[in-house]
Amino acid sequence: QQDWRCESRHSESRADRAVEELEAEQRYCEELENAVRSMEDRIDKLNRNQQDWEIRADYGDEELRAEQKYCEELKEAAAKKEKQVDELMKDFQILQGGMRDIEAESA
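Residues numbered from 1 in each chain as written. Predicted model: local features only at pLDDT ≥ 70, side-chain atom pairs only at ≥ 80, totals over all residues. Heavy atoms only, no water.

1. Some words on the overall build of the chain
Phase 1 of the analysis: Check the secondary structure of the chain and you find one helix and zero strands.
Phase 2 of the analysis: A globule of 107 residues ought to have a C-alpha radius of gyration of about 13 Å, yet the chain, at 46 Å, is considerably larger.
Phase 3 of the analysis: Overall size of the chain, expressed as C-alpha extent along the three principal axes, is 155 × 15 × 10 Å.
Phase 4 of the analysis: When each of the 107 residues of the chain is scored for burial, the buried share is 0%.
Phase 5 of the analysis: Summed over its atoms, the accessible surface of the chain is roughly 10,600 Å², and 53% of this surface lies on carbon and sulfur atoms.
Phase 6 of the analysis: If the 18 positive side-chain charges of the chain are averaged to one point and the 31 negative ones to another, these points end up 2 Å apart. (Helix = DSSP H or I, 4+ residues; strand = E, 2+ residues; numbered from the N terminus. Rg over C-alpha atoms; globule rule 2.2 N^0.38 Å. Buried < 20%, exposed > 50% of the residue type's maximum accessible area, 1.4 Å probe, protein only. Areas by Shrake-Rupley, 256 points an atom, 1.4 Å probe, with all protein chains shown as cover. Lys, Arg positive; Asp, Glu negative; His and termini not counted. Charge placed at Lys NZ, Arg CZ, Asp CG, Glu CD.)

Now the structure itself:
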């Protein structure tokens, strides 16, 4: 009977240790699951940040294209004005020549 009690206590002790080990494993698994969730949350946040930066980059590209288009329009307008000034200078020179001719005839 004593052997049986000793055996029983030994089995209970092993069972208690096994339960403790199982509970420790369970806590460890829960910690790992929490760590995985935390990492997933971080990844989601990084993905959202990346999307935000991509949207900002696209918007910046659009702004840059608009600025480049505006600069091209300004260059074209400046070229037209320069051409008008050249034409006005030619007209002015013709008028000056005509004025000299009139002055020469008057003199």
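From this point on, the discussion continues.
2. Observations regarding the pattern of salt bridges
Phase 1 of the analysis: For the coordinates displayed, the defined rule picks out one salt bridge.
Phase 2 of the analysis: One salt bridge connects glutamate 72 with lysine 75, and the closest N-O pair in it is separated by 3.8 Å. With glutamate 72 and lysine 75 both in helix H1 (residues 2-106), this residue pair falls three residues apart, about one helical turn.
Phase 3 of the analysis: Judged by relative accessible area, which is 42%, glutamate 72 ranks as partly exposed. (Salt bridge = Lys/Arg side-chain N within 4 Å of Asp/Glu carboxyl O.)

3. Side note on the packing of aromatic side chains
Phase 1 of the analysis: This model, assessed by the stated rule, comprises zero aromatic pairs.
Phase 2 of the analysis: One Lys or Arg, arginine 56, reaches over the ring of tryptophan 53 and ends 4.6 Å from the middle of that ring. (Phe/Tyr/Trp six-rings, centres within 6.5 Å; stacked < 30°, edge-to-face > 60°. Lys NZ or Arg CZ within 6 Å of the ring centre and 35° of its normal.)

4. Let's talk about the environment of glutamate 62
Phase 1 of the analysis: Considering the arrangement of structural elements, one finds glutamate 62 in helix H1.
Phase 2 of the analysis: Separated by 33 residues in sequence, glutamate 62 and leucine 95 have C-alpha atoms that sit 49 Å apart.

5. Focus on a negative patch on the surface
Phase 1 of the analysis: On the surface, a cluster of negative charge is made up of Glu12, Asp16, Glu20, Glu21, Glu23 and Glu25.
Phase 2 of the analysis: Looking at the secondary structure, you find glutamate 20 in helix H1.
Phase 3 of the analysis: What makes glutamate 20 exposed here is its relative accessible area of 51%. (Patch = residues over 30% accessible without salt bridge, like charges linked within 9 Å, V, L, I, M, F, W, Y side chains within 5 Å.)

6. Remarks on the environment of tyrosine 28
Phase 1 of the analysis: Positionally, tyrosine 28 belongs in helix H1.
Phase 2 of the analysis: Here tyrosine 28 falls in the partly exposed class, since its relative accessible area comes to 48%.

None of this, on its own, says anything about what the molecule does.
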